[in-house]
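The primary structure of each chain is shown beneath.
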Amino acid sequence: MSKKPKKAAPAKKPAPAPAKKAAPPAKKAAPPPPAKKAAPAPAKKAAPPPPAKQAAPPPPAKKAAPAKDTGTDSSGAKPKSPPKAAKPEAARARTEKAPADAALAPPEVEVEASSGKPKPERRATAETMASRQREISVSEFFTKNRHLLGFDNPAKALLTTVKEAVDNSLDACEEAGILPEILVEIREVSEGRFRVVIEDNGPGIVKPQMPKIFAKLLYGSKFHRLKQSRGQQGIGISAAGLYGQLTTGKPVVITSKTGRGRPAFRIDLRIDTKRNQPDVVKEETVEWDKDHGTRVEIELVAAYRGGRTGVEAYLEQTVVANPHLGLTYQPPKGERVEYPRVSDELPREAQEIKPHPHGVELGMFLAMLNDSGKKTVKQVLTDDFSRVSPAIAEEICKIAKVSSKAKAADVHGDDVDRLHKALSQVKVMAPPASCVVPIGEALLIEGLKRRFKADFYVSTTRPPSVYRGNPFVIEVGLAYGGDLPVDEPADVMRFANRVPLQYQPKACAISESVYDTNWKAYEMQQPKGSLPVGPLAVVVHLASVWVPFTSEAKEAVAHYDELLRELKLGLQECGRKLAAHVRAKERAASEQKRMSIFQRYIPELADAMGFILGREKGKIEKSFYEALPNFVNLKPAGGSNEGEGGASEEGPPPPPSMPPPPGDSMPPPPPAPAAAPRKGKAAPAPAGKSKSKKGSAPSAQLSLEV
């Protein structure tokens, strides 16, 4: 709409052109030519208004009058003399009229011909945008996105710092074959500022590697190895130091010693976030009385809290999954807490494996072919993949219609795609489980005993399974009864490679499997969509070469169908053992109740029979007590499960305890003697009842209960 007034204005002001065009309409012979002689572009846009006015004779007369007013002179010689100056005058007219028309449509805004909407103003060009592009380092990225690493708030930052340091210490000790002894100390420097100290007895760190390990993100030895380990990405401890540097400005202090008789080095480190490189602030040799080990000190802004997501809860769960760990904890306030190890046996060493053909993706497979050097396709399949024999490699090449003797680096395009599809079509054995080290049923129960005082313990370890070519093992343990609260939801502890997961329980596949299990079938109360309610603690451990965490903070496990299936099967297996224990316990309680009824009436019955038969009351009572085991079957609760993985710690069943006497005038019954062999000569009535357990027992029971 803004273009119409601009092009119509010049046609009105120049008198010569409009005068010539206005005269022909009076002659009635030239009306069509003026319309055609008008500028082609304006004619298309300004055509709609003129035809409506030209339809009647009065409108043309009105148009002629403005033409005379604008021309001031009737002669056409004057406008012809300055033809070149007409264009500047038209431009001026546009600029002069622009302020008057600004209220309707700003002249600087262009209008799209198709839609009629104003075009957006250009803000930048490709050149200016290109000048702003620059590379950022991973340290600089996580400086602004530290919540991705678990440093959301001060309380969580403190827990994440302790967790990352303890995980590194455990990995180092186990890899070196050393029983771990770890000290965790938290000092309150000032309000809202703490100093975290983690000290271990591991193999130590050589001096050249210390700056890179603690002050460079994405640096480590665990990312490219397919074997079970707590750390995976090489971010954790460096990110903790980065957070401390951002919040307090203090460097990370590391002291390490690699062996007896060797010097101990102490280094103060900062992280250059723009280059993701370590910056050594101070370096010195110190005296340290330890033979070997590492000590890390980080000062940071944090908040110390208890509860389910606190540092104490994390350490208590860590000793459950690591029974070989000796831990000492010094909180900021309070006495030192020690967790002695319950096992002197280290977990076996995890063996590194090669990728499985059923789990490799197309991009990774293409990179393996390009990096193979002079190897043939067959050599790459047999050397770089697990469970691929020469015969299977030949079959893969045959299905893909690719020569097995072709150079792997020269295979491109559709040949790579066909080879990748053939990898999933050929039947290959599951990857070896030597790369995964589960806790074990016996040690898992020992870990549960360190944390909970219960009456019944049970655990199970599922057979190894595979997701995306990565082997994994699911372990489940239960503790029931004892000091556990009766009217509260079950305590669920989640572990991934022996590391507790304390945040994001609702987003974790482990928690979902516990929620989805029907605990009512296992004699537990369970509100709809909730955890079971009762004296129960559940431990679930996922051991894998690569745990599929939902984020870099390693707080929740992703929902893979294979994982969910194995988790559910493990929980159901332990649930069946728990249900058998609960039912056996209920039966024992019922039999105990029956025995108390018998014991309540035996003295009175013996007194009456002694009066009738003229016999001594004590002998009659003795006969009844000797026959009592034939009517009451007392067995320890869960006796049928004791042989399954060491589920019970009760040992031989103790003698049945006598319940308290009822609150009436009857004298308390004498204690029941130990079961003795039945005698043939006894009181007539008891002897008759003790002979047959199936025949006369029901009638005797009914008579006694009545």
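Sequence order sets the numbering: in each chain, residues are counted from 1 along the sequence as written. For this predicted model, a pLDDT threshold of at least 70 governs which residues receive local features, and a threshold of 80 or more governs which side-chain atom pairs are given and counted, while totals over whole chains, interfaces and linings are taken from all residues. Hydrogens and water are ignored here; the side-chain numbers use all heavy atoms of the structure.

## So, the overall build of the protein chain
Thought 1: Scanning the protein chain from N- to C-terminus turns up 24 helices and 14 strands.
Thought 2: Burial classification: accessible surface area is computed with a 1.4 Å probe over protein chains only, and a residue below 20% of its type maximum counts as buried, one above 50% as exposed, and the rest as partly exposed. Taking all 706 residues of the protein chain together, the buried fraction comes to 41%.
Thought 3: It only takes one pair of heavy atoms within 4.5 Å for two residues to be counted as in contact. Residue pairs in contact within the protein chain that sit at least 24 positions apart in sequence constitute 71% of those at least 6 positions apart.
Thought 4: The method behind every accessible area is Shrake-Rupley, applied with a 1.4 Å probe, and residues are considered shielded solely by the protein chains displayed. Total accessible area computed for the protein chain in this model is approximately 38,100 Å², and 55% of it derives from carbon and sulfur atoms. Secondary structure elements follow DSSP: runs of H or I no shorter than four residues count as helices, runs of E no shorter than two count as strands, and numbering proceeds from the N terminus.

## A word on the packing of aromatic side chains
Thought 1: Planes of paired rings set the category: under 30 degrees apart is stacked, over 60 is edge-to-face and the rest tilted, where pairs are Phe, Tyr or Trp rings (Trp by its six-membered ring) whose centres lie within 6.5 Å. Across all of its chains, the model carries six aromatic pairs by this definition.
Thought 2: Aromatic side chains Phe 151 and Tyr 243 sit 5.0 Å apart centroid to centroid with 20° between the ring planes, which places their arrangement in the stacked category. Of this pair, Phe 151 sits in the loop between α10 (138-144) and α11 (154-176) while Tyr 243 sits in helix α13 (residues 236-248), placing them 92 residues apart in sequence.
Thought 3: For Phe 151, a relative accessible area of 2% puts it in the buried group.
Thought 4: On the basis of relative accessibility, which here comes to 6%, the residue Tyr 243 falls in the buried class.
Thought 5: An aromatic cluster of three or more residues is present, and its members are Tyr 467, Phe 472 and Tyr 560.
Thought 6: Sitting over the face of the ring of Tyr 503, Lys 156 holds its NZ or CZ atom 4.6 Å from the ring centroid.
Thought 7: A ring is considered to have a charge above it if a Lys NZ or an Arg CZ atom is located within 6 Å of its centre and within 35 degrees of its normal. Positioned over the ring face of Tyr 457 is Lys 449, at 5.7 Å from the centre of the ring.

## Remarks on the packing of helix α16 (residues 377-384) against helix α17 (residues 390-400)
Thought 1: Axis definition: a line fitted to C-alpha atoms, over the contacting stretch in the case of helices. Angles run 0 to 180 degrees between N-to-C directions. Viewed as axis vectors pointing N to C, α16 and α17 meet at an angle of 130°, and their least axial separation amounts to 9 Å. The orientation of α16 with respect to α17, classified from their angle, is oblique. Handedness of the crossing formed by α16 with α17: right-handed. Residues Val 377, Lys 378, Leu 381 and Thr 382 of α16 lie in contact with α17, whose contacting residues are Pro 390, Ala 393, Glu 394, Ile 396 and Cys 397. When describing relative orientation, an angle under 35 degrees is termed roughly parallel and one over 145 degrees roughly antiparallel, while 65 to 115 degrees is termed roughly perpendicular and anything else oblique. Take the far helix as the reference: if the near one is turned anticlockwise from it by less than a right angle, the crossing is left-handed, and if turned clockwise, right-handed.

## What about the nonpolar core?
Thought 1: Residues enter a nonpolar core if they are buried and are Ala, Val, Leu, Ile, Met, Phe, Trp, Tyr or Cys, with the set joined through side-chain atoms within 4.5 Å. Counting residues in hydrophobic clusters, the biggest one holds 45 residues, and the most contacted among them are Val 162, Val 166, Ile 182, Val 184, Ile 198 and Leu 327.
Thought 2: With seven residues, α11 is the single largest residue contributor to this core.
Thought 3: In this structure Ile 182 touches Val 166, Ser 169, Leu 170, Ile 198, Glu 199, Asp 200, Leu 325, Gly 326, Leu 327 and Thr 328, once residues within four positions along its chain are discounted.
Thought 4: Counting 34 residues, the second-largest nonpolar core is a separate cluster that includes Ile 474, Ala 496, Val 514 and Val 538.

## Structural notes on the pattern of salt bridges
Thought 1: A side-chain nitrogen of Lys or Arg and a carboxyl oxygen of Asp or Glu constitute a salt bridge if their distance falls within 4 Å. Overall, the coordinates contain 31 salt bridges when judged by the stated rule.
Thought 2: Notably, a salt bridge pairs Lys 554 with Glu 164, separated by 3.7 Å at the nearest N-O pair. Linking Lys 554 in the loop between β14 (536-544) and α21 (561-613) with Glu 164 in helix α11, this pair joins segments that are 390 residues apart in sequence.
Thought 3: A salt bridge links Glu 523 to Arg 583; its shortest N-O distance comes to 3.0 Å. Taken as a pair, Glu 523 in the loop between α20 (509-516) and β14 and Arg 583 in helix α21 lie far apart in primary sequence, 60 residues in all.
Thought 4: Take Glu 523: its relative accessible area is 32%, and that puts it in the partly exposed class.

## Brief notes about the sheet that holds strand β4 (residues 264-272)
Thought 1: Here eight strands make up an open sheet; going across it, the order is β5-β4-β3-β6-β2-β1-β7-β8 and the pairing mixed. Edge positions in the sheet fall to β5 (277-286) and β8 (337-339), since each has one partner strand and no second. Within the sheet, the average angular offset between the axes of one strand and its neighbour, ignoring direction, is 15°.
Thought 2: Here the rule is simple: two strands pair whenever DSSP picks up at least two bridges between them. For strand β1 (residues 181-190) and strand β2 (residues 193-200), the ladder comprises eight bridges, and the chain directions are antiparallel. Bridging from a neighbouring strand, Ser 190 pairs with Arg 193 of β2.
Thought 3: Helix-sheet contacts for helix α14 (residues 311-321) involve β1, β7 (326-330) and β8, and the interaxial angle to β7 is about 170°.

## Here we look at the confidence of the model for the protein chain
Thought 1: A residue's pLDDT is the predictor's confidence in that residue, given on a scale from 0 to 100. Scored by pLDDT, the protein chain has a mean of 77; 73% of the residues are at 70 or more.
Thought 2: For residues 1-88, every residue scores under 50 in pLDDT, and the model assigns this stretch 45 contacts once sequence neighbours within four places are set aside.
Thought 3: Predicted confidence for residues 95-104 stays below pLDDT 50, and this span has four contacts to residues more than four positions away or in other chains.

## Some points on helix α18 (residues 414-425)
Thought 1: To estimate the expected span of a helix, count its residues, drop one, and scale the result by 1.5 Å. The terminal C-alpha atoms of α18 lie 17 Å apart, and with 12 residues this matches the ideal 16 Å at 1.5 Å per residue to within 8%.
Thought 2: The set of residues buried in α18 consists of Val 416, Leu 419, His 420, Ala 422 and Leu 423. Taken around the axis of α18, the buried residues stretch over an arc of 160°, which confines them to a single face. Along α18, exposed side chains directed more than 90 degrees from the buried face belong to Asp 414, Ser 424 and Gln 425. Think of the arc as the fan of directions from the helix axis to the C-beta atoms.

## Notes on a nonpolar patch on the surface
Thought 1: The patches described consist of residues with a relative accessible area above 30% and no salt bridge, like charges being joined within 9 Å and nonpolar side chains (Val, Leu, Ile, Met, Phe, Trp, Tyr) within 5 Å. A surface patch of nonpolar side chains, amounting to about 400 Å² of accessible area, comprises Phe 611, Ile 612 and Leu 613.
Thought 2: Within the secondary structure, Leu 613 sits in helix α21.
Thought 3: Leu 613 gets classed as partly exposed once you look at its relative accessible area, which sits at 44%.

## What about the environment of Arg 587?
Thought 1: Relative to the assigned elements, Arg 587 resides in helix α21.
Thought 2: According to the relative accessible area criterion, Arg 587 is exposed, its value standing at 53%.

## Here's the deal with the pairing of β7
Each regular strand carries side chains that alternate between the two faces of the sheet.
Thought 1: Counting buried positions over the five residues of β7 gives five, a clear majority of the element.
Thought 2: Side-chain alternation along β7 places Gly 326, Thr 328 and Gln 330 on one buried face and Leu 327 and Tyr 329 on a second face that is also buried.
Thought 3: Of the pairings in the sheet, the one linking β1 to β7 comprises five bridges and is parallel in character. Note on β7: the bridge partner recorded for Val 184 is Tyr 329.
Thought 4: In this sheet, β8 lies alongside β7 in antiparallel orientation, the contact comprising three bridges. Residue pairing across strands places Thr 328 opposite Glu 338, the latter belonging to β8.
Thought 5: If you look at the hairpin formed by β7 and β8, you'll find six residues sitting between the two strands, and Gly 334 has a positive phi there, around 115°.

## Some thoughts on the side chain of Thr 460
Thought 1: Among the structural elements, Thr 460 can be located in strand β9 (residues 456-461).
Thought 2: The definition of a polar contact used here is a pair of N or O atoms within 3.5 Å, where within protein one atom must be able to donate a hydrogen and the other to accept one, and adjacent residues in sequence count solely through side-chain atom pairs. Among the polar contacts made by the side chain of Thr 460, one reaches the side chain of Glu 573 at a distance of 3.0 Å.
Thought 3: Beyond its immediate stretch of four places on either side in the chain, Thr 460 contacts Glu 441, Ile 474, Glu 475, Val 476, Gly 570, Glu 573 and Cys 574.

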